[in-house]
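# Chain and residue survey
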Amino acid sequence: MIGENAIEVKHVSKWYGAFQVLHDVNLTVRKGERIVICGPSGSGKSTLIRCFNRLEAHQKGDITVNGISLHNKMRDIAEVRRKVGMVFQHFNLFPHMTVLMNCMAGPMWINGVPKKEARDRAMHYLKKVRIPEQANKFPSQLSGGQQQRVAIARSLSMQPTVMLFDEPTSALDPEMVAEVLETITTLAHEGMTMVCVTHEMGFARAVADRVVFMDAGRIVEEGRPDGFFSDPQHERTKLFLSQVL
Ligand code: ADP
Ligand code: MG
């Protein structure tokens, strides 16, 4: 529905023991919106997006995903995880399963999709990421870029409404970065709601509706890419951009 929010983060704080990793974070991701999060290492980017599918719990404030509030006593956590796909820096494929099975396992075992339908669906998404010919190989037989595209296909096979990417290209050899960014760009152009942590500023410029800059557990600045890159407001943003651009 137009105008509906995919993710709402309100006054969220989080601690690891005595260390406060997130400070009063506020962020709204509208359906169909593409957000890029950037910021120095250790600024809390991964922690924040891992809170969106409850891989991490926050201690203060509210997070709502597709209208479901994430809190301690929730019964809907599985529902949230089914609808929020996540792609990690290090692919995290199942090494003992073929590419095809990597993409069939979730739909079959978590969503109860019949085997034939799960296979058709997996092949559909492997075609979308342009590696259907790799279906019967094992992850270790693929290049890093191919493995990351399998990870994207595997996530898509669960038919999520939101995709989270945590530095999806930062573990790749340089020559493989483009093919993965291209795949994510295609999804973005098809209207997928996405939050992508990345330092690929060319990608951010081309794809993001909004760029969010984090430092030391806080959102320091956010804006449309044109303004964010040409006229950053905060010293910390300027310093960061001078290092990554
Ligand atoms: P980023 O993704 O921006 O590099 P992270 O969210 O991974 O940042 O980490 C933010 C801070 O929280 C860092 O100081 C990191 O050392 C710390 N941290 C991350 N995960 C844990 C954990 N499980 N336990 C304790 N500290 C953590
Ligand atoms: Mg991180």
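As named in an unreviewed UniProt entry, the protein is Amino acid ABC transporter ATP-binding protein, taken from Aminobacter anthyllidis. UniProt's Sequence similarities (unreviewed entry) comment on the protein is quoted here verbatim: "Belongs to the ABC transporter superfamily."

### Focus: the overall build of the protein
Counting its regular elements, the protein contains nine helices and 10 strands. Here the C-alpha radius of gyration of the protein, 18 Å, is about what a compact globule of 245 residues would show, namely 18 Å. By principal-axis analysis of the C-alpha atoms, the protein measures approximately 50 × 45 × 40 Å. A burial count over the protein gives 53% of its 245 residues as buried. Counting contacts in the protein only where the partners sit at least 6 residues apart, residues at least 24 apart contribute 65% of the total.

### A word on the packing of aromatic side chains
How two aromatic rings sit relative to each other is given by the distance of their centres and the angle of their planes. Counted according to the given criterion, the structure contains two aromatic pairs. Between F213 and F240, the aromatic rings sit 5.2 Å apart at their centres with planes inclined by 40°, giving tilted as the arrangement. On the criterion of sequence distance, the pair formed by F213 in strand β9 (residues 210-215) and F240 in helix α9 (residues 235-244) is long-range, its members being 27 residues apart. Across the pair, exposure class does not vary: F213 and F240 are buried alike. Geometrically, the ring pair formed by F228 and F229 is edge-to-face, given 5.3 Å between the ring centres and 90° between the ring planes. Each member of the pair, F228 together with F229, is buried.

### Quick look at the pattern of salt bridges
Using the criterion set out here, one finds 17 salt bridges in the structure. Across the pair R30 and E33 runs a salt bridge, and its minimum N-O distance is 3.3 Å. Note on E33: relative accessible area 7%, which makes it buried. Several salt bridges share partner residues, and in doing so they unite R30, E33, R210 and E222 into one network.

### Observations regarding the sheet that holds strand β10 (residues 218-223)
Pairing in this open sheet of six strands is mixed, and the strands run β6-β7-β8-β3-β9-β10 from one edge to the other. Every other strand in the sheet has two partners, leaving β6 (84-87) and β10 as the edge strands with one partner each. Neighbouring strand axes in the sheet, compared pairwise and without regard to direction, differ in orientation by 20° on average. Where β9 and β10 come together, five bridges link them in antiparallel fashion. Along β10, the bridge assignment pairs V211 with G223.

### Re helix α1 (residues 45-52)
Counting buried residues along α1, six of its eight residues qualify, which places the element largely inside the surrounding structure. Among all positions of α1, only K45, T47, L48, I49, C51 and F52 are buried. Backbone geometry just after α1 places R54 at a positive phi near 65°.

### Some words on the pairing of strand β2 (residues 19-30)
Pairing analysis gives eight bridges linking strand β1 (residues 5-16) to β2, with the strands arranged antiparallel. If you follow N5 over to β2, its bridge partner there is R30.

### Here we look at the site of ligand 1
Within the structure, ligand 1 sits among Y16, F19, V21, P40, S41, G42, S43, G44, K45, S46 and T47. A distance of 2.7 Å separates an oxygen atom of ligand 1 from a polar backbone atom of G42. The side chain of S46 places a nitrogen or oxygen atom 2.8 Å from an oxygen atom of ligand 1. The set of elements that each furnish at least two residues to the shell around ligand 1 consists of β2 and α1. In the shell around ligand 1, the residues fall into four nonpolar, six polar and one charged.

### Digging into the sheet that holds β2
Backbone hydrogen bonds hold the strands of a sheet together, and the pairing may be parallel or antiparallel. Pairing is antiparallel across the open sheet formed by four strands, whose spatial order is β2-β1-β4-β5. Either end of the sheet is taken by a strand with one partner, and the two such strands are β2 and β5 (68-70). With strand direction ignored, the average angle separating the axes of adjacent strands in the sheet is 25°. Here β1 runs beside strand β4 (residues 60-65); their pairing, made up of five bridges, is antiparallel. Residue K10 lies in a different strand from β4, and its bridge partner there is D62. Relative to β2, α1 is tilted by about 55°, and along the sheet it contacts β1, β2, β4 and β5.

Here is what the cut-offs are and how they apply
- Residues numbered from 1 in each chain as written.
- Chains lettered and ligands numbered in written order.
- Predicted model: local features only at pLDDT ≥ 70, side-chain atom pairs only at ≥ 80, totals over all residues.
- Heavy atoms only, no water.
- UniProt positions renumbered as here; feature names shortened; annotations may be inferred.
- Helix = DSSP H or I, 4+ residues; strand = E, 2+ residues; numbered from the N terminus.
- Rg over C-alpha atoms; globule rule 2.2 N^0.38 Å.
- Buried < 20%, exposed > 50% of the residue type's maximum accessible area, 1.4 Å probe, protein only.
- Contact = heavy atoms within 4.5 Å.
- Phe/Tyr/Trp six-rings, centres within 6.5 Å; stacked < 30°, edge-to-face > 60°.
- Salt bridge = Lys/Arg side-chain N within 4 Å of Asp/Glu carboxyl O.
- Pairing = 2+ DSSP bridges.
- Axes fitted to C-alpha atoms, helices over the stretch in contact; angles between N-to-C directions.
- Near = heavy atom within 4 Å.
- Polar contact = N/O pair within 3.5 Å; in protein donor to acceptor, adjacent residues only side chain to side chain.
- Nonpolar A, V, L, I, M, F, W, Y, C, P; charged D, E, K, R; others polar.

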